[in-house]
Amino acid sequence: STGPCGQALMSRVNQFYSDGMLHYNQARKVMFIPFPFPHAQLSSIFVNFMVVLIPLLMQQYTANIWLGCGLSFFSVLCLSGVHEVA
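All values derive from a computational prediction rather than experimental measurement. (Residues numbered from 1 in each chain as written. Predicted model: local features only at pLDDT ≥ 70, side-chain atom pairs only at ≥ 80, totals over all residues. Heavy atoms only, no water.)

Q: Would you explain the packing of aromatic side chains in this entry?
A: Aromatic ring pairs are reported here in terms of the distance separating the ring centres and the angle at which the planes meet. Scanning the model with the defined rule gives one aromatic pair in all. On the numbers, 5.2 Å between centres and 70° between planes, the contact of Phe73 with Phe74 is edge-to-face. (Phe/Tyr/Trp six-rings, centres within 6.5 Å; stacked < 30°, edge-to-face > 60°.)

Here it is, written out as structure tokens:
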């Protein structure tokens, strides 16, 4: 017996429990599937290559040295941050 709760309310509560378990199990599957090693290595090589290449390209792209330094810093920072998060 659920007491004074209506059947529609209990049905909705069970639906939310079911959705929660479904999403938990999907997240668990993503967590336990290993990331492909060659893809991780190529991504790391690409980021390291861009860390060297972006300042050289910014030097050619901008006439102002401080603008080039700032754009290089933020571009490399964003690429490195995305690589660390991924």
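So, next bit.
Q: Would you explain helix H2 (residues 37-61) in this entry?
A: The end-to-end C-alpha separation of H2 is 35 Å, in line with the 36 Å expected for 25 residues at 1.5 Å each. Listing the buried residues of H2 in full gives Val47, Met50, Ile54 and Met58. Each element contacted by the buried residues of H2 is listed here: helix H3 (65-85). (Helix = DSSP H or I, 4+ residues; strand = E, 2+ residues; numbered from the N terminus. Expected span 1.5 Å × (residues − 1). Buried < 20%, exposed > 50% of the residue type's maximum accessible area, 1.4 Å probe, protein only. Contact = heavy atoms within 4.5 Å.)

Q: Would you mind showing me how to read a nonpolar patch on the surface here?
A: A contiguous nonpolar surface patch, about 250 Å² in accessible area, is contributed by Val51, Val52 and Leu56. By the element assignment, Val51 lies in helix H2. What makes Val51 partly exposed here is its relative accessible area of 35%. (Patch = residues over 30% accessible without salt bridge, like charges linked within 9 Å, V, L, I, M, F, W, Y side chains within 5 Å. Areas by Shrake-Rupley, 256 points an atom, 1.4 Å probe, with all protein chains shown as cover. Salt bridge = Lys/Arg side-chain N within 4 Å of Asp/Glu carboxyl O.)

Q: Just to check I follow, could you spell out the layout of surface pockets for this structure?
A: Gaps left between atoms show up when a probe the size of a water molecule is rolled over them. Put simply, the largest pocket is a space of about 180 Å³. Every residue lining the largest pocket is listed: Phe35, His39, Ala40, Ser43, Val47, Leu79, Val82, His83 and Ala86. Breaking the lining of the largest pocket down by element, the ones donating at least two residues are H2 and H3. Across the lining of the largest pocket, the residue classes tally to six nonpolar, three polar and no charged. (1 Å grid on protein atoms, 1.4 Å probe; cavity = no way out; pocket = protein on both sides within 12 Å on 5 of 7 lines; lining within 4 Å. Points joined across faces, edges and corners; volume = space filled by probe spheres on them. Nonpolar A, V, L, I, M, F, W, Y, C, P; charged D, E, K, R; others polar.)

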